[in-house]
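Tertiary structure, described
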Amino acid sequence: MTKTVGAGRAARRLLEDVNFEVDAGEVVAVLGRSGSGKSTLLHLLGGLDLPDRGRITLADEDLTRQSSQRLARTRLRHVGFVFQAFHLIEELSGEENVLVPTRLPGAKRGGERRAKKLIEELGIDDIKDRRPHALSGGEQQRFAIARALVNDPELVLADEPTGNLDQENGAAVLELLRRLEHRAVVIVTHEPQAAAIADRVLHLSDGRLSQPAVEARRARLGGAAA
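Below or above, wherever it landed, is the structure these notes cover. Remember, predicted model here, so these are calculated numbers, not experimental data. (Residues numbered from 1 in each chain as written. Predicted model: local features only at pLDDT ≥ 70, side-chain atom pairs only at ≥ 80, totals over all residues. Heavy atoms only, no water.)

Right, let's talk about the sheet that holds strand 8 (residues 184–189) for a bit. Pairing is mixed across the open sheet formed by six strands, whose spatial order is 6-7-8-3-9-10. Among the strands making up the open sheet, the edge pair consists of strand 6 (79–83) and strand 10 (208–210). Going across the sheet, the axis of each strand differs from the next one's by a mean of 20 degrees, ignoring polarity. Relative to strand 7 (residues 155–159), strand 6 is paired through five bridges, and the arrangement is parallel. Each bridged residue has a counterpart across the sheet, and for Phe83 the counterpart in strand 7 is Asp159. (Pairing = 2+ DSSP bridges. Helix = DSSP H or I, 4+ residues; strand = E, 2+ residues; numbered from the N terminus. Axes fitted to C-alpha atoms, helices over the stretch in contact; angles between N-to-C directions.)

Structure (structure tokens):
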């Protein structure tokens, strides 16, 4: 897939002929410097943006052919986002933040049950009534991960998930992402230590995706899919 912003002389190619596949149960890290196109790639994979050319397939559906309404429903039911800045709603408790996606039109049933289980599994049950300002960075990211998982998505996209955390909390969050089962996980990062937890590490530079020769032998290349 290819993505360009701007027009004419001001046009800038952010991604060019990016082509890869991520399987359920696999963790893939995309390693690149700031400005290399990592966040753009993540937005395309999650249906937040569309490519100029190419296809993105998720849960057997072509995201590039969906209406905006259907695309929003696909994101809600099949994609979980984890951000560097957490993006928790300050007016809500940690538990209420986790429940937000379950209350949107089109969400899968059983959201409250899944939220309770995730909060317990992530070790944040005793602080679930606190608002974000009363939580540490690591605690906020755990609630953010629970929110990303609460609708039971097949694809989890993490954008610099350890960028605002100290080393200890960052390692704990990476371990949580590493332990996710039956989901495709894509982490974009500029930190080699964060990428080290992945099954495969891809390198993004000047809008082009590459991988070491050893990794290339076991990669399953195809249409730009997740």
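Structure shown, so let's carry the discussion forward.
If you check the backbone angles, Phe86 has positive phi at about 70 degrees while not being a glycine. Relative to the helices and strands, Phe86 is located in the loop between strand 6 and helix 3 (94–99). Residue Phe86 is classed as buried on the basis of its relative accessible area, which comes to 7%. Its identity is not glycine, yet His87 carries a phi of approximately 60 degrees, on the positive side. (Buried < 20%, exposed > 50% of the residue type's maximum accessible area, 1.4 Å probe, protein only.)

With that settled, the discussion passes to the side chain of Lys3. Along the chain, Lys3 falls in strand 1 (residues 3–5). For Lys3, a relative accessible area of 11% puts it in the buried group. A polar contact is formed between the side chain of Lys3 and the side chain of Asp49, at a distance of 3.3 Å. Every residue in contact with Lys3, bar those within four places of it in the chain, is listed here: Arg12, Arg13, Leu14, Leu15, Thr40, Leu44, Asp49, Leu50, Pro51 and Asp52. (Polar contact = N/O pair within 3.5 Å; in protein donor to acceptor, adjacent residues only side chain to side chain. Contact = heavy atoms within 4.5 Å.)

All right, on to helix 5 (residues 137–149) then. Its 13 residues give helix 5 an end-to-end C-alpha distance of 18 Å, which sits within 8% of 18 Å, the value for a rise of 1.5 Å per residue. With 10 of 13 residues buried, helix 5 is to be regarded as a mostly interior element. Within the sequence span of helix 5, burial applies to Gly138, Gln140, Gln141, Phe143, Ala144, Ile145, Ala146, Arg147, Ala148 and Leu149. (Expected span 1.5 Å × (residues − 1).)

This part is about the layout of surface pockets. Estimates place the volume of the largest pocket at around 520 Å³. For the largest pocket, the lining is made up of 18 residues, of which Leu118, Glu121, Leu149, Leu180 and Arg183 are closest to its centre. Counting only elements with at least two residues in the lining of the largest pocket, the list comes to helix 4 (111–121) and helix 5. Looking at the lining of the largest pocket residue by residue, the classes come out as seven nonpolar, one polar and 10 charged. Considered as a void within the structure, the second largest pocket measures approximately 400 Å³ in volume. Where the lining of the second largest pocket is concerned, the elements lending two or more residues are helix 2 (68–78), strand 6 and helix 5. Of the residues in the lining of the second largest pocket, the class split is 11 nonpolar, three polar and three charged. (1 Å grid on protein atoms, 1.4 Å probe; cavity = no way out; pocket = protein on both sides within 12 Å on 5 of 7 lines; lining within 4 Å. Points joined across faces, edges and corners; volume = space filled by probe spheres on them. Nonpolar A, V, L, I, M, F, W, Y, C, P; charged D, E, K, R; others polar.)

Just geometry here; none of it tells us what the structure is for.
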